[in-house]
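# Structural description and commentary
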Amino acid sequence: MADTNPHPLNPESWVDEYGDFLFRYANSRLRNTNAAEEAVQETFLAGVRYSDQYSGAGSERGWLMGILKRKIIDYVRAQNKHNRVSSYEDEHDPSTQMFDAMGNWKPGAINWTPAPGEAIELAELRAIVRGCLDTLPKGQADVFVLSVMEELSSEEICDELKISPSNMWVRIHRARLGLAKCVGSKWNVESETKHHA
Amino acid sequence: MPDDKSISQLITKSLRLELTEAEQKKIDQNLESNQEAAKFAELSKLIQDSIIKPADASPDESLSDDAKERFKLSVSQAIEEKLSLSHAGLLNVVNKSQRPVSTDGPSDDQDRELISKFKLIRKLGQGGLGNIWLARDQKLNRNVAIKELRDEALESEKSWVRFHREAEITGHLEHPNVVSLYQYGVDRKTGEPFYAMRFVGKRTLADAIEEHHDKVEAGEADPLALHRLLSIFLDICQAIAYAHSRGVIHRDLKPENVALDNFGQVIVLDWGLAKVLEDSELATKMGHVETITDSTLSQTMHGDVVGTPLFMSPEQAAGQLDLVDERTDIYGLGAILFSILTGEAPHLQSAASSAPDVESVLKAISESEPPTASQSTKHRVPTELERISIKAMARKRHMRFGSVQKLANAVESWVAGQSGKQAAYDSLRMEGRELRADLQASVFNVERNVRFSSTLPPIEALIDAGTEDDVLVWRERLSTIFHGLLQANPNYRGIAFCAIEQEATHYREIVRVERHSSDASTIRNVPKSRLNTDRIHESIASVVDKKPGEVHTSLACDTICSAENNNATVGLLASVPVYDPKTEEVFGFVVIRCDIDQMLREQMTRQTTASELLIVCDEFKTLMHRHGNQIVTASLNQHLETVASYFLPAADQLQTKTDYIDEANADVYGARLCFTPGKIGLIYLLKRKPNS
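On a predicted model such as this, the values are computed, not experimentally measured, just so you know.

## Comments concerning the side chain of Asn 489 of chain B
All names here are of chain B. Among the structural elements, Asn 489 can be located in the loop between helix H20 (468-488) and strand E10 (492-500). Looking at Asn 489, its side chain comes within polar contact range of the main-chain oxygen of Leu 485, at 3.0 Å. If we skip the residues at most four places from it in the chain, Asn 489 touches Asn 445, Asn 449 and Arg 515.

## Let's talk about the sheet that holds strand E1 (residues 118-126) of chain B
All names here are of chain B. Spatial ordering of the open sheet is given by E1-E2-E3-E5-E4, a layout of five strands whose pairing is antiparallel. With one partner strand each, in any of the chains shown, E1 and strand E4 (181-186) form the two edges of the open sheet. The average undirected angle you get between the axes of adjacent strands in this sheet is 25°. Looking at chain direction, E4 and strand E5 (residues 193-198) are connected through five bridges and run antiparallel. Paired with Gly 185 across the bridge in E5 is Phe 194.

## Some words on the packing of helix H9 (residues 225-245) of chain B against helix H13 (residues 326-342) of chain B
Residue and element names in this part refer to chain B. For the pair H9 and H13, interaxial distance at closest approach is 11 Å and the crossing angle is 170°. As far as their axial angle goes, H13 and H9 are roughly antiparallel. Between H9 and H13, the residues in contact are Leu 226, Leu 229, Leu 230, Phe 233, Ile 236, Cys 237, Ile 240 and His 244 and Glu 326, Asp 329, Leu 333, Ile 336, Leu 337, Ile 340 and Leu 341, respectively. Here the contact of H9 with H13 is built from residues that sort into 12 nonpolar, one polar and two charged.

## Observations concerning the state of the cysteines
All names here are of chain A. Inspection of the entire model under this criterion finds one disulfide over all chains. Paired through a disulfide, Cys 132 and Cys 182 show a sulfur-sulfur distance of 1.9 Å. As the torsion about the S-S bond is roughly -80°, the Cys 132-Cys 182 disulfide counts as left-handed. Within this pair, whereas Cys 132 is found in helix H6 (residues 122-135), its partner Cys 182 is found in helix H9 (residues 165-196), the two being separated by 50 residues in sequence. Taking the relative accessible area as the measure of exposure, Cys 132 reaches 1% and is therefore buried.

Basis of the calculations
- Residues numbered from 1 in each chain as written.
- Chains lettered and ligands numbered in written order.
- Predicted model: local features only at pLDDT ≥ 70, side-chain atom pairs only at ≥ 80, totals over all residues.
- Heavy atoms only, no water.
- Helix = DSSP H or I, 4+ residues; strand = E, 2+ residues; numbered from the N terminus.
- Polar contact = N/O pair within 3.5 Å; in protein donor to acceptor, adjacent residues only side chain to side chain.
- Contact = heavy atoms within 4.5 Å.
- Pairing = 2+ DSSP bridges.
- Axes fitted to C-alpha atoms, helices over the stretch in contact; angles between N-to-C directions.
- Parallel < 35°, antiparallel > 145°, perpendicular 65-115°, else oblique.
- Nonpolar A, V, L, I, M, F, W, Y, C, P; charged D, E, K, R; others polar.
- Disulfide = S-S within 2.5 Å.
- Buried < 20%, exposed > 50% of the residue type's maximum accessible area, 1.4 Å probe, protein only.

Function cannot be read off these values alone, since they describe shape.
What follows is the structure, encoded as structure tokens:
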């Protein structure tokens, strides 16, 4: 490949050098080890196939990351396409548990009492968020991932998943509510356990 | 109350720090008054913060070793595949789609991919670059030819490049006389390239040429065979003219590279050495392979010419590859034409006479003048076709035909002229045969009459006659019959009954009836006192040797030609022996002397398509000569050589054959008439009018 591209890549070392990094990234987004592995493998193969398009402008890792991000979106889109028929949103609307009939917050809707002055460990929190993401309906979690984690614009998300903007915003909102409820309670449980310990 | 959608949008904006001051203020107020909302906001921010930080922060997660091994394997396979594609120039084919990496998702609706499967059946042959297999297309259940790189060639990158180039050029040439390429691909297991094309069969033009010349050699030439080969030649010209129009020069034209199927299809194969002219449409399409320059090819070409420099143009043999252009193919076509005419490769003799190494052969080819077809074969070659092949193979390129089409036109008009010529020649042959048949019929008639005369009762009575009176009576009766015979046959000059004398050295006329020499209507019985006694000469001796009823016929032009008026009088003598019924010994003979002169003269004045008509006798002495519409009297009694020497080859062949057919030029026809088996009696020679 060196003969056709002035910016040589070393695909032979990719698995060792970037495999874990890319896998972690993919897994955090896709929340599915198999899907994450598949996305990483496809990233490497696409990297080899299109190696001559590597301009040398960014790092090898950054370039592969760009491919992986695309693979993640493709995966989410494919999944979404298959599951489009189901309408779990209504069944999994956390609002009913958190708001009264007037639409006001129910007291204690969010079980969240951060200990004053206690630094919140992000790594710990992330693990909890990850766990909570898994409890969310897939349609909500996916939109949340693409919007919050992948920072795609609302137009891009609607375009990729073929959903309306309203649908998207509602999904995000429900995802936030669901996560807040889940994370709040889990955090409290864990920190209580810690305290007891 | 704001709905979910607007709250959601607001939160997102807030978390992305995109709120205006007023919006921020309003929210802050709202959160102050609502504890649950504040907790939700705080938590949402925490969640957001936790997850958009880099993934490296959770180092406990990693790919399993198993997955890594699997990935490494698939990556290295992908690298190999990629290498083979880039070897084959396909790298750029992928590039051509201009798809950015980021859209490499599931294939969109514009792409169709397929996997084909071919089963190799048997090897058909081997070229400079690859092996050719007969294979079965498993999907369509049809036979195809598969070409793949030879093992030796797999090692060389140049071979890969050439191989792909060959496929690409062939694939771009869509013409009924160019082999159709079905598919180019890389074998999934080995990564080696191959392509599938139409399976035409194994027979090539080389086989057809060899077959034709073997038959010529054996004297079994089919007059149509040359025309069939020329029609194949014209098809090749069409394919090459088309290729030239696309900017492709074949550069390796030879009979082996032309396949013939059983249904008359002509397919030009092996475009492995083809050159794509720089400014052609095809060169633009194939831009990415133009990195393969001529110099790269020339290196490989030298390896290839080893087996087959015998059809090569001088500029190729001299290694002047920059001079290679359409005219190089015109040379190649001329070489194929040469091979059709002679059955040999044009440079066979140069190669045979130079040192056996390739360099010397190439040197000889580059320096020698083009061979002439007639020097290379002992058989006659049509002059015009030979001229065309010499012109096409001119050493100086500017002396060759200006285009393939011009070369094809020249051959085509020869073929067209030839069919007109052939038709004219066919009528010429018919006329010649008719003349001979007419005379033959007259001769049979004379022979029948002389045989009849010899069985007349008066003859037996004269043999038996005891007394002078008896003789007188029977002579009278025989004379009367002979008289009638002469009256009935105006061409008969005389008829006589003769007896052989005791010693068999002389003969004696017993009865003779003859026509008056100047007044043909007067027939007289020769009186006894005027009857001849003469020595038995050669022709009488031949009669005497015959069995009863056997007629001896001979031409009597020598004796009868009258010198004074220079008008030949050609006579025919038909004699039959007469046996004595008692002794069963030869008693004498009956002879009819007939003037065929009149008859030949009448033949001479008939309507004819011939420009020249000549009748000669056994010593090639001219008896009759017509040129155009004129009877040429000056030729009479002259030897053929001085009259019309171009008839000599025909006359020579007629010593042994009954007909002379001019295969090469369809110009001259000759027919022989024999009176005595195996001995020339008369020869008719006819020449076709030049423009018919």
